[in-house]
Amino acid sequence: MRLVKYAFVLGLCVIAITARTQALSADSLSAYPVIAGADTIAALADLNSSDRTFGQKLAASPIRYFVGALVVLLLFLFLWFRSLAARLMEQPTDTGTSAATLFDLEDVRSTAIAIRQASKFFGLSILGGYLAYVAVEGTPMYGYAMEWLNLAVRWTHVIAGIMWIGASFYFIFLENNLNRTEGLRDELAGNLWAIHGGGFYYVEKYKVAPKEIPKHLHWFKYEAYFTWLSGVSLLFIVYYADARSFMIDPTIAELSASMSLAIGIGSMVLGWAIYDLMSRSKLVLRQDLFALVGLLVLGALTYALTHLLSGRAAYIHVGALLGTIMAGNVFFTIIPSQKALVRAAKTGQPLDASLGKKAGQRSLHNNYLTLPVVFIMISNHFPSTFGHSGNWIVLMVITVASMGIKHYWNLLERGIKQTWVLVVSILALVILSMAISPIFEDKLDATMPASFEEANAVIQARCVQCHSANPTDDQWPNAPNGVMYDTPQQIQAMADKIMTRAVRTHSMPLGNKTNMTEEERTVLKRWILQGAQIQ
């Protein structure tokens, strides 16, 4: 019955969205006479007359069968695991049932409940999202709806990421600061006193596991899962939904949208496969050699991505690759190892200390990957990095330097002060920032005349489609970040941004959607170098 309730609410939402978008389409026609001529009004009227109903758009959608099959699959999983969880709840457990069997039953039941809930959540989300997408597609509400969807998923991703990385930092801090020598019981590996938020805390770490497992045991796993799932969802919303604008740069490689998606998704799968093979080999016994080989492999993948995808998409997919490695460590190694330890402790079986070591090793790898991943998460705001001609080198230098900073941090928490590691890491970032800076600007361009009229002609032809009080671009109903180029004063005020985004990094226009040429970028560059005068 709850599924029927959810479907009913979902249907009402879709009907409301459809009615609202149709109303906006009609209202937009009456508003256009103020700002457009008769030809524009006629064109809009023709467009409105050819608008399809929600049912027609749904029937013509090219992905309707894929989405339908996916929703049916998730519905099947939901019903199957709901039934399984219910049967396990009713499973008789007499006094003769072994501890191992009880643990296995409880583990399967909790897993079934988790899959049931995940199937319901993603099934309703995909169905609702798809129906809403069909309802707003081709209407004035499309850009607005996508913006809010982007915001909601991005917000979730950031919150989950903070929880996951915070937990990683905290437990590495505990590991590095444990008292391992004074007044310890035989079964303890260390302990720690701490104060926070007005209270005292006492933490003990066992060498393997306590003799009796507590009834209430907290597991740190869902932070990782939600971070990865929300991140992949964001990839689809931002990059894959408009691959031609965000994934492809024709000046780098001529790719189809489907090919760019295959490269992006394939890089995550390949990256995880290589890392996992390395972690299962004897190479992992040599931490220094393991790190060197890992960086070389990462460098090769980064080079390939930056020579196939747009700079921004390449960076985000390196981040997705590293995030997949981190989430894979949690799902495939850390949690299974912890479950095996708990099972052995509850059933009185010999404890395999190597399981804890493997989990700890993968957790440490995750810890070193956190700073590079955090940078990549925010890198799309800094086009001087991903937009540089040597962007793959820029990313690798930042990755190695940030890992060096984390290494210094970890050593310091263990009482080992290696200041040179921090100095070298920061110095590498400073040298990098100087190497890619425009401090040695081409003096010839500064002497070549370029008037505001020439620069303005480029901006009006290539930029105001988005950056205007009344954007005409199909994706942006409002000027991105409130940046508008409708008046000379607005253009002059944003001269530095124009130089950074359109001239130096080529990150604007987005995906070069309006086909700005190198000659036009040079005009903008010369005008700005000569003082960005508007008189």
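Here the structure is shown first, and the text comes after it.
Residues numbered from 1 in each chain as written. Predicted model: local features only at pLDDT ≥ 70, side-chain atom pairs only at ≥ 80, totals over all residues. Heavy atoms only, no water.

Each helix and strand counted, the chain has 20 helices and two strands in total. Summarising the internal contacts of the chain: among those between residues at least 6 apart in sequence, 69% fall at separations of at least 24. Split by element, the accessible area of the chain, about 30400 Å² in all, is 66% carbon and sulfur. (Helix = DSSP H or I, 4+ residues; strand = E, 2+ residues; numbered from the N terminus. Contact = heavy atoms within 4.5 Å. Areas by Shrake-Rupley, 256 points an atom, 1.4 Å probe, with all protein chains shown as cover.)

Inspection of the sheet shows strand β1 (residues 188-196) paired to strand β2 (residues 199-206) by eight bridges, in the antiparallel sense. Bridging from a neighbouring strand, Ala194 pairs with Tyr201 of β2. Adjacent in sequence and paired antiparallel, β1 and β2 are bridged by two residues, among which Gly197 carries a positive phi angle near 60°. (Pairing = 2+ DSSP bridges.)

Together, Tyr144, Trp148, Leu151, Trp155, Ile159 and Met163 make up a nonpolar patch on the protein surface, roughly 670 Å² of accessible area in all. Relative to the assigned elements, Trp148 resides in helix α6 (residues 141-177). Trp148 gets classed as partly exposed once you look at its relative accessible area, which sits at 48%. (Patch = residues over 30% accessible without salt bridge, like charges linked within 9 Å, V, L, I, M, F, W, Y side chains within 5 Å. Salt bridge = Lys/Arg side-chain N within 4 Å of Asp/Glu carboxyl O. Buried < 20%, exposed > 50% of the residue type's maximum accessible area, 1.4 Å probe, protein only.)

Here we take up the pattern of salt bridges. With the rule as written, the count across this model stands at 12 salt bridges. Salt-bridge contacts for Glu106 lead to Arg109; the nearest nitrogen and oxygen are separated by 3.1 Å. Taken together, the positions of Glu106 and Arg109, both in helix α5 (residues 99-136) and three residues apart, correspond to about one turn of that helix. The shortest N-O distance in the salt bridge between Arg185 and Glu204 comes to 3.0 Å. Here Glu204 lies in strand β2 and Arg185 lies in the loop between α6 and β1, a separation of 19 residues in the sequence.

It is worth spelling out the environment of Asn512 at this point. Structurally, Asn512 is set in the loop between α19 (495-504) and α20 (518-529). Owing to a relative accessible area of 22%, Asn512 belongs among the partly exposed residues under this scheme. It is 8.7 Å that separates the C-alpha atoms of Asn512 and Pro250, two residues lying 262 residues apart in sequence. There is a polar contact of 2.8 Å between the side chain of Asn512 and the backbone nitrogen of Met516. (Polar contact = N/O pair within 3.5 Å; in protein donor to acceptor, adjacent residues only side chain to side chain.)

Tallied over the entire structure, the rule returns 20 aromatic pairs. Taking the centre distance of 5.8 Å and the plane angle of 50° together, the rings of Phe452 and Trp527 count as tilted. Here the residue Phe452 occupies a position in helix α17 (residues 452-462), and Trp527 occupies one in helix α20, the gap between them amounting to 75 residues. Take Phe452 and Trp527: they sit in the same class, and that class is buried. Through a chain of ring-to-ring contacts, the aromatic side chains of Tyr222, Tyr225, Trp272, Tyr275, Phe290, Phe331 and Phe332 assemble into a single cluster. A cation over an aromatic ring shows up here: Lys221 above the ring of Trp219, its NZ or CZ 5.8 Å from the ring centre. The lysine or arginine in question, Lys406, covers the ring of Phe169, its NZ or CZ lying 4.6 Å from the ring centre. (Phe/Tyr/Trp six-rings, centres within 6.5 Å; stacked < 30°, edge-to-face > 60°. Lys NZ or Arg CZ within 6 Å of the ring centre and 35° of its normal.)

Another point: the environment of Ile393. Mapping Ile393 onto the fold places it in helix α14 (residues 391-413). For Ile393 and Gly299, which are 94 residues apart along the polypeptide, the C-alpha to C-alpha distance reads 8.1 Å.

The linkage connecting Met508 with the following residue, Pro509, adopts the cis geometry, with an omega of -5°. Relative to the elements of secondary structure, Pro509 occurs in the loop between α19 and α20. The backbone of Asn481 sits at a positive phi, close to 60°, despite the residue not being glycine. By secondary structure assignment, the location of Asn481 is in the loop between α17 and α18 (488-493). We classify Asn481 as exposed; its relative accessible area is 81%. One non-glycine residue, Asn515, lies in the positive phi region at around 60°. Positionally, Asn515 belongs in the loop between α19 and α20.

As a further point, take the nonpolar core. Of all hydrophobic cores here, the largest spans 58 residues; its most connected members are Tyr239, Met247, Leu309 and Leu322. At 14 residues, the largest contribution of residues to this core is made by helix α11 (residues 311-347). Once residues within four sequence positions are removed from consideration, Leu322 is found in contact with Leu298, Leu369, Pro372, Val373 and Ile376. Grouped together as the second largest cluster of nonpolar side chains are 21 residues, Ala455, Tyr485, Ala502 and Trp527 included. (Core = buried A, V, L, I, M, F, W, Y, C linked by side-chain atoms within 4.5 Å.)

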